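Letter by letter, the chains look like this.
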Amino acid sequence: MPFKSLKELDPSEGTVQLYSANISQQHLGDGDTVLFPQPSADPNDPLRWSRWRKHAVFLSICLFACLNNFQGTVLTDSFLTISETLDVSVAEASGLLSWVVLIQGLANFFWVPTAIYFGKRPVFLLSCAIVFIGTIWAAASPSFGPLLAACIFGGFGGGASEALGAAIINDIYFLHERGSKMSWYIISIAWGSSLGPLCGGYLVEYRGWQWGKWLGCILMGVNLLLIFFFAPETRFQRSPNLSEGSDPNASSDSPSDKVGDRFEHLEVNGKSSPSSHASIAYPHKNYLQSLNPWSGIAPGASYWDLMFRPIPLLAYPACAFAAIAYSLALAPTIMVNALSSTILIPPPYYFSIGSVGLINVAGMIGQGFGAFIGGFCIDRWSSFCARRNNGIFVPETRLLLFILPTVIVFAGILLFGFAVELQMHWAIIFLAYGMLSVGLTGSASITMVYVCDCYFPVAAECLEMINGIKNVVAFGLGYAVVPWVDNMGYIKAFGTLSGIFGGLMALVVPLLLWGPQIRHHTSSKWRLVSWELE
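Residues numbered from 1 in each chain as written. Predicted model: local features only at pLDDT ≥ 70, side-chain atom pairs only at ≥ 80, totals over all residues. Heavy atoms only, no water.

**Re the overall build of the chain**
Check the secondary structure of the chain and you find 20 helices and six strands. Dimensions of the chain along its principal axes, counting C-alpha atoms only, are 75 × 50 × 45 Å. Split into buried and exposed, the 534 residues of the chain put 60% on the buried side. Summarising the internal contacts of the chain: among those between residues at least 6 apart in sequence, 82% fall at separations of at least 24. Surface accessibility of the chain: about 19800 Å² in total, with carbon and sulfur atoms responsible for 68%. In the chain, which carries 28 positive and 33 negative side-chain charges, the distance between the mean positions of the two groups comes to 5 Å. (Helix = DSSP H or I, 4+ residues; strand = E, 2+ residues; numbered from the N terminus. Buried < 20%, exposed > 50% of the residue type's maximum accessible area, 1.4 Å probe, protein only. Contact = heavy atoms within 4.5 Å. Areas by Shrake-Rupley, 256 points an atom, 1.4 Å probe, with all protein chains shown as cover. Lys, Arg positive; Asp, Glu negative; His and termini not counted. Charge placed at Lys NZ, Arg CZ, Asp CG, Glu CD.)

If you want it as structure tokens, here you go:
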């Protein structure tokens, strides 16, 4: 199939009418918020699902992302103990984190095309089952080799929880909801990475390292059941023109909800809007039918082509910047997790194994603040800007708030290096970690939502590239951090990292100044898309 421009799939180029009194479009309840994408008349359209059903799917997938990272990082603050118990070096023990991060990132390049081809539901069920089996294998491992192999096996399954989880937000929620939902999803990932070491330290100290994995096994088993019962297929073939192909009736609270009547309720955030002939023209799937893992393969799709088609999308400036921003937001937290036990257990701090995990309390506070900026604040700010712009939403309005977490993280990286090398009070180290954790949710959420806004028809493929690249970068820095700080010292190592971070994050400035022009040129002139919408 010949390559085509993104504009052929989405004429809006990311700039849409978010507020309007136009009665030819569906709105949120009886207000002026235009629903984008416009829901179809098919009652099986995920955008038409009831609020509780959407939230059940979203919660199940958020839990998968959280618990996958929980079981993957549960041994992180115990590397010193594991190295002594299993007779390996600390650098080798840190591979229990760094190799898992790498495999999770690379697994995106398998799971995303598989989900497009076979559907997201079977992929989530299979990947969650792999993580579940991996935790059992790890908990029962008698030595370091099988333990590392089990963690890598589970990491392969856990790769599906990242890009695909973010893609589901596009499947079931509207543009005006994306910021807050993406921030909840990102904070689920981040808090899983923080709760793992926090709980794991005490489990290792009092019950042994195997119990960290047994707890992960129990939680993943529960999550597998939740996905089976509450996460139906969200793949849906939508009109190429995302503002068309929808119900022509104006949106308001319909007085009629009778099956077979002219109108049927479309619930959006608990409010209703009518749809024309939805129950007559389309068969409605009941709950038992929605449990079927098989929804067919994507029509006219080649699995081989699906594997490689996301690669050209990295040329889009927003996609490339998001990959850089997420990589540099994740890397410092991975580095600190790999180093925390070697910093806090020896003198002058003398922390116990369990107490080392307490540094993640500061991380969770920082992540919560970042999620507030990257979710609630950017939704409210972009809404405010759209209303001042005659109701027209421009994706770049989200990027202005990107500056705040960037400055906080830059300062946090510098502070951490000085605090450790100069052996400042442990509270300063905790404060620094909390500051650099702000970016893991704030920067990541803002850039990923920005990509979804700019490239909605190809968002899943863009998120695949972003998540794959950021894990590869995080692996490299996490794997090299121990010899890096040994050779250079903490001040020089983290000072270098802060310089790299600040320089690359400054790439947001061209997008802030000329983002609309860049989007228009790249979406209309660059022929990078090699497929039709599934």
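**Points about the packing of aromatic side chains**
Where two aromatic rings form a pair, the distance of their centres and the angle of their planes describe that pair. In this structure the tally under the stated criterion is 22 aromatic pairs. Centre to centre, the rings of phenylalanine 58 and tyrosine 173 are 5.6 Å apart; their planes meet at 85°, and the pair counts as edge-to-face. Taken together, the residues span a long stretch of sequence, with phenylalanine 58 in helix α1 (residues 51-73) and tyrosine 173 in the loop between α7 (163-172) and α8 (178-207) at a distance of 115 residues. Cluster of aromatic residues (ring-pair linked, three or more members): Tyr117, Phe118, Trp294 and Tyr303. In this arrangement the basic side chain of arginine 121 is found over the ring face of phenylalanine 228, its NZ or CZ atom lying 5.3 Å from the centre. Geometry around tyrosine 326 places lysine 470 over its ring, the cationic atom sitting 4.7 Å from the centre. (Phe/Tyr/Trp six-rings, centres within 6.5 Å; stacked < 30°, edge-to-face > 60°. Lys NZ or Arg CZ within 6 Å of the ring centre and 35° of its normal.)

**Side note on the pattern of salt bridges**
According to the stated counting rule, one finds eight salt bridges in the structure shown. Where arginine 527 meets glutamate 8, a salt bridge forms, and the shortest distance between an N and an O atom there is 3.1 Å. Taken as a pair, arginine 527 in strand β6 (residues 527-529) and glutamate 8 in the loop between β1 (4-5) and β2 (16-17) lie far apart in primary sequence, 519 residues in all. Classification of glutamate 8 as partly exposed rests on a relative accessible area of 44%. Between arginine 398 and aspartate 379 there is a salt bridge, with the nearest N and O atoms lying 3.1 Å from each other. Of this pair, arginine 398 sits in the loop between β5 (392-393) and α16 (403-421) while aspartate 379 sits in helix α15 (residues 359-388), and the two are 19 residues apart along the sequence. Residue arginine 398 is classed as buried on the basis of its relative accessible area, which comes to 1%. Take aspartate 379: its relative accessible area is 5%, and that puts it in the buried class. When salt bridges that share partners are traced, they join Arg178, Asp379, Arg398 and Asp453 into one network. (Salt bridge = Lys/Arg side-chain N within 4 Å of Asp/Glu carboxyl O.)

**Details of α16**
In this model, α16 (19 residues) spans 28 Å end to end at C-alpha, consistent with the 27 Å of a helix rising 1.5 Å per residue. Check the buried side of α16 and you find it contacts α13 (317-344), α15, α17 (426-454) and α19 (490-505). At the exit of α16 stands glutamine 423, carrying a positive phi of roughly 50°. (Expected span 1.5 Å × (residues − 1).)

**Description of the environment of alanine 460**
Positionally, alanine 460 belongs in helix α18 (residues 459-488). With 344 residues separating them along the chain, alanine 460 and isoleucine 116 place their C-alpha atoms 8.7 Å apart. Excluding residues within four positions of it along the chain, alanine 460 makes contact with Val112 and Ala167.

**Some remarks on the packing of α18 against α19**
Viewed as axis vectors pointing N to C, α18 and α19 meet at an angle of 135°, and their least axial separation amounts to 7 Å. In terms of axis orientation, α18 runs oblique to α19. Between α18 and α19, the residues in contact are Leu477, Trp484, Val485 and Met488 and Tyr490, Lys492, Ala493, Phe494, Thr496 and Leu497, respectively. When grouped by side-chain class, the residues that make up the contact of α18 with α19 number eight nonpolar, one polar and one charged. (Axes fitted to C-alpha atoms, helices over the stretch in contact; angles between N-to-C directions. Parallel < 35°, antiparallel > 145°, perpendicular 65-115°, else oblique. Nonpolar A, V, L, I, M, F, W, Y, C, P; charged D, E, K, R; others polar.)

**Some remarks on the confidence of the model for the chain**
When pLDDT is averaged across the chain, the result is 85; 91% of the residues are at 70 or more. Within the model, pLDDT remains below 50 along residues 244-280, and this stretch shows 97 contacts once partners closer than five positions in the same chain are excluded. (pLDDT = per-residue confidence, 0-100.)

**Remarks on the packing of α1 against helix α9 (residues 209-230)**
At a closest axis distance of 9 Å, the pairing of α1 and α9 adopts a crossing angle of 160°. In terms of their interaxial angle, α1 and α9 are classed as roughly antiparallel. For the element pair α1 and α9, the recorded crossing hand is left-handed. Contacts from Ala56, Val57, Ser60, Leu63, Phe64, Leu67, Asn68, Phe70, Gln71 and Gly72 of α1 reach α9 at Lys213, Leu215, Gly216, Leu219, Met220, Asn223, Leu226, Ile227 and Phe230. Partitioned by chemical class, the residues of the contact of α1 with α9 number twelve nonpolar, six polar and one charged. (Left-handed = near helix turned anticlockwise from the far one by under 90°.)

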